[in-house]
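Chain by chain, the residues:
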Amino acid sequence: MDLGKLSHLSLLLCPLLLSFHFKIAGASAHIYPSQPFHDVGNSLLLYGGSEGIFASSRSFIRFENITLWRKITDHRHSNGLVQAVIFEASDRNSIGGSAYGGQRSICCTPDLAKLQGCKQGEIIRIPSAHDPRWPILLRVRFKGKRLSAKMEDTEILIRKTGIYNLLFISCDPQLKGLQMTGKTVWKNPDGYLPGRMAPLMHFYIYMSLAYLLLSAVWFFQYLRFRMDILPLQHCITAVLVLGLLEMVFWYLDYANFNNTGMRPLALTTWVVTIGAFRKTVSRILILCVSMGFGVVKSTLGGLTSKVLLVGVTYFIASEMLDIAEHVGIIDDMSGRSKLFLVLPDAFLDAFLILWIFTSLSKTLEQLQLKRTSVKLEIYRKFSNALAVMVVASVAWIVYEVYFKATDPFNERWQTAWTITAFWDVIAFVLLCIICYLWTPSQNSQRYAYSGDVDEDNEEAQSLTVGRQDGDISLVKQEKNADSDREEDVEEDKRE
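From a predicted model like this one, the values you see are computed outputs, not experimental measurements. (Residues numbered from 1 in each chain as written. Predicted model: local features only at pLDDT ≥ 70, side-chain atom pairs only at ≥ 80, totals over all residues. Heavy atoms only, no water.)

A few words now on the nonpolar core. With 70 residues, the main nonpolar core has I236, Y254, V307, Y379, F382, L431 and W438 as its most contacted residues. Elements that contribute at least two residues to this core include exactly α3 (198–224), α4 (231–260), α5 (265–291), α6 (304–326), α7 (335–370), α8 (373–405) and α9 (417–437). (Core = buried A, V, L, I, M, F, W, Y, C linked by side-chain atoms within 4.5 Å. Buried < 20%, exposed > 50% of the residue type's maximum accessible area, 1.4 Å probe, protein only. Helix = DSSP H or I, 4+ residues; strand = E, 2+ residues; numbered from the N terminus.)

Shown next as structure tokens:
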């Protein structure tokens, strides 16, 4: 693990407090509960945090009650020095050096002392070209035989916008087993929310308003034609409610975080659970629509248990991934453990997309054979919209991979929020399309359970035929409906 990898680490979230009702984790208040130092090259190192901070007279990094603890009893050959270094990502090469082009060292070695004039036993620091006072070095030294050393409470003002990293480093090998307690507080001009997350708070305000507007239009139609509501439209209503709740709770989570510098684990867990449930129900809804549920067939038949099994599995995979990304300590997650959580979620998404388009193709074939032009037109529009969404999603995944691969030190942190926001936007757009295509109306039940003949011709005939012909037509429709149900049952058995 070198210095470059360290500066690429994301925001550190540590447990802060255990209360009677719920735990609270500090995010902008980075808590160090007896954190151990680790061997990194020729140094002992503790990662203190990384955040995007906007320049302002109100932006700072503050050290509070930082106390170091050592275990050694022989102090004769120990200088007892520990240094805290704060640097902006663009100054990452200002920490450390290499002799004769060899391996880069954080601490000054005898060879580097001769070449660069650094002081042996301390961090190699090269003044920044932008401001010679940076990177900032703070020192604390163990005195005599004391096993603890306390750093003076200090506040560092941030005058330049950037992604800032904090490392605690000791170049004294005699301090192996070193631990630290205390906290650092990181603050932006408008609150404690980290710079990479701050735009999301405003984004969720707009998304909440968008969901609220869509919900108002949908519920107006829903109540207006409540006697003709299809089971499919009940599912759409549930997704709308879940989406609105998710956006509102995300805003509340970020707003609380921004105002207090603390993030309740209970609230964040509740938000990601709603989000995972919303994503699961949305995908099952699209799958059921593709199978023709509520429009072409009244039930899913033997496929119901399979759909529910996939839904439960997806919910568990999505919940685990979201908890790992948003709740508790996420900064030190290894790439392998994160991949372990991402892969099941990605595999299930791919499986669902394949199943959706396969089912959609079969449904379109059925509608063409039955010559039901109204429903066929709706499903063609739905399939085209779904295809566009899938292509857009794949393109965005490619962009996301490129974005992260070309920005290993998070220097484009001010636009990183768009990676998360895109998925919420595309989910909302697809929901709008579904709401438009299957909006409640007086014809909902007729579209769901009409016969084999074309609805347009059926409607025209119903306006011209007499009472007797109408009775005969009604009998024919009932027979056709019965035959449709028999065909659906046989098809379900085959599937």
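Contact pair α3 / α9: the axes reach a minimum separation of 11 Å and the direction vectors enclose 5°. Classified by the angle their axes make, α3 and α9 are roughly parallel. Each of P199, L200, F203, Y204, M207, A210, Y211, L214 and W218 in α3 lies in contact with α9, whose residues at this interface are W417, T420, A421, D424, V425, F428, L431, C432 and C435. (Axes fitted to C-alpha atoms, helices over the stretch in contact; angles between N-to-C directions. Parallel < 35°, antiparallel > 145°, perpendicular 65-115°, else oblique. Contact = heavy atoms within 4.5 Å.)

Moving on to the sheet that holds strand β7 (residues 81–88). Strand order in the open sheet formed by five strands is β4-β5-β11-β7-β8, with antiparallel pairing between adjacent strands. What marks the edges here is a single partner per strand, and that holds for β4 (38–40) and β8 (136–141). Direction aside, neighbouring strands of the sheet carry axes that sit 35° apart on average. Pairing between β7 and β8: six bridges, direction antiparallel. Paired with Q83 across the two strands is R139, which belongs to β8. (Pairing = 2+ DSSP bridges.)

Moving on: the packing of α8 against α9. Contact geometry for α8 and α9: axes closest at 11 Å, N-to-C directions at 180°. In this view, α8 runs roughly antiparallel relative to α9, as classed from their interaxial angle.

This part covers the environment of T161. As for its position among the elements, T161 is in the loop between β10 (154–157) and β11 (162–170). Separated by 34 residues in sequence, T161 and G195 place their C-alpha atoms 9.6 Å apart. Ignoring sequence-local partners within four residues, the contact set of T161 consists of I53, F54, A55, W413 and Q414. From its side chain, T161 meets the backbone nitrogen of A55 in a polar contact 2.9 Å long. (Polar contact = N/O pair within 3.5 Å; in protein donor to acceptor, adjacent residues only side chain to side chain.)

The next point concerns the pairing of strand β12 (residues 179–187). One ladder, built from six bridges, connects strand β3 (residues 29–36) with β12; its direction is antiparallel. Bridging across to β12, A29 finds its partner in V185.

We now examine the confidence of the model for the protein. Predicted coordinates in areas of low pLDDT are best not read in detail. Per-residue pLDDT for the protein has a mean of 78; in total, 79% of the residues score no lower than 70. By mean pLDDT, the top-scoring element of the protein is α3 (93), and the lowest-scoring one is strand β1 (residues 14–18) (26). In this model residues 1–27 is a low-confidence stretch, pLDDT under 50, and it forms 85 contacts with partners more than four residues away in sequence or in other chains. Low confidence marks residues 451–481, where pLDDT is under 50. Its contacts with residues over four positions away, or in another chain, come to 28 contacts. (pLDDT = per-residue confidence, 0-100.)

Here we take up the environment of E411. Looking at the secondary structure, you find E411 in the loop between α8 and α9. When neighbours within four sequence positions are excluded, E411 is seen to be in contact with A89, S90 and R92. At 3.4 Å, the side chain of E411 forms a polar contact with the side chain of R92.

Turning our eyes to something else, we now look at the state of the cysteines. Within this structure, the stated rule accounts for two disulfides. Two residues, C107 and C171, share a disulfide whose sulfurs are 2.0 Å apart. Measuring handedness by torsion sign, the sulfur bridge of C107 and C171 sits at about -85° and is left-handed. In this pair, C107 is assigned in the loop between β7 and α2 (110–116) and C171 in the loop between β11 and β12, connecting sequence segments 64 residues apart. For C107, a relative accessible area of 2% gives the class buried. For C171, a relative accessible area of 12% translates into the label buried. For C108, the disulfide goes to C118, at an S-S distance of 1.9 Å. (Disulfide = S-S within 2.5 Å.)

The next point concerns the pattern of salt bridges. Side chains carrying opposite charge are able to pair once their charged atoms draw close together. Using the criterion set out here, one finds 15 salt bridges in the structure. For the salt bridge of E88 with K160, the shortest nitrogen-to-oxygen distance reads 3.8 Å. Note that E88 is positioned in strand β7 and K160 in the loop between β10 and β11, a separation of 72 residues in sequence. We classify E88 as buried; its relative accessible area is 8%. For K160, a relative accessible area of 32% translates into the label partly exposed. One salt bridge in this structure joins D322 and K279, with 3.0 Å as the shortest N-O distance. Here K279 lies in helix α5 and D322 lies in helix α6, a separation of 43 residues in the sequence. (Salt bridge = Lys/Arg side-chain N within 4 Å of Asp/Glu carboxyl O.)

Right, let's get into the packing of aromatic side chains. All told, the structure shown has 21 aromatic pairs when counted by the stated rule. Arranged with centres 5.0 Å apart and planes meeting at 45°, the rings of W396 and Y399 form a pair that is tilted. Here Y399 and W396 lie together in helix α8, a separation of three residues that amounts to about one turn. A residue is classified by how much of its surface remains accessible, and W396, at 19% relative accessible area, is buried. Judged by relative accessible area, Y399 falls into the partly exposed class, the value being 34%. On the basis of an interplanar angle of 80° and a centroid distance of 5.1 Å, the ring pair of F422 and W423 is categorised as edge-to-face. Judged by relative accessible area, F422 falls into the buried class, the value being 18%. Here a set of aromatic residues connected by ring pairs shows up, and it is made of F203, Y204, W250, Y254 and W417. (Phe/Tyr/Trp six-rings, centres within 6.5 Å; stacked < 30°, edge-to-face > 60°.)

Here we come to a nonpolar patch on the surface. There is a patch of nonpolar side chains on the surface, built from I205, Y206, L209 and L212 and spanning about 410 Å² of accessible area. The topology assignment puts Y206 in helix α3. (Patch = residues over 30% accessible without salt bridge, like charges linked within 9 Å, V, L, I, M, F, W, Y side chains within 5 Å. Areas by Shrake-Rupley, 256 points an atom, 1.4 Å probe, with all protein chains shown as cover.)

In this structure, P135 follows W134 across a cis peptide bond, with omega equal to -5°. Checked against the element boundaries, P135 lands in the loop between α2 and β8.

Right, let's talk about the side chain of S170 for a bit. Mapped onto the elements, S170 comes out in strand β11. For S170, a relative accessible area of 1% puts it in the buried group. A distance of 3.1 Å separates the side chain of S170 from the backbone oxygen of L81, its partner in a polar contact. From its side chain, S170 meets the backbone nitrogen of D172 in a polar contact 3.3 Å long. Once residues within four sequence positions are removed from consideration, S170 is found in contact with S43, L44, L81, V82, C107, L175 and L178.

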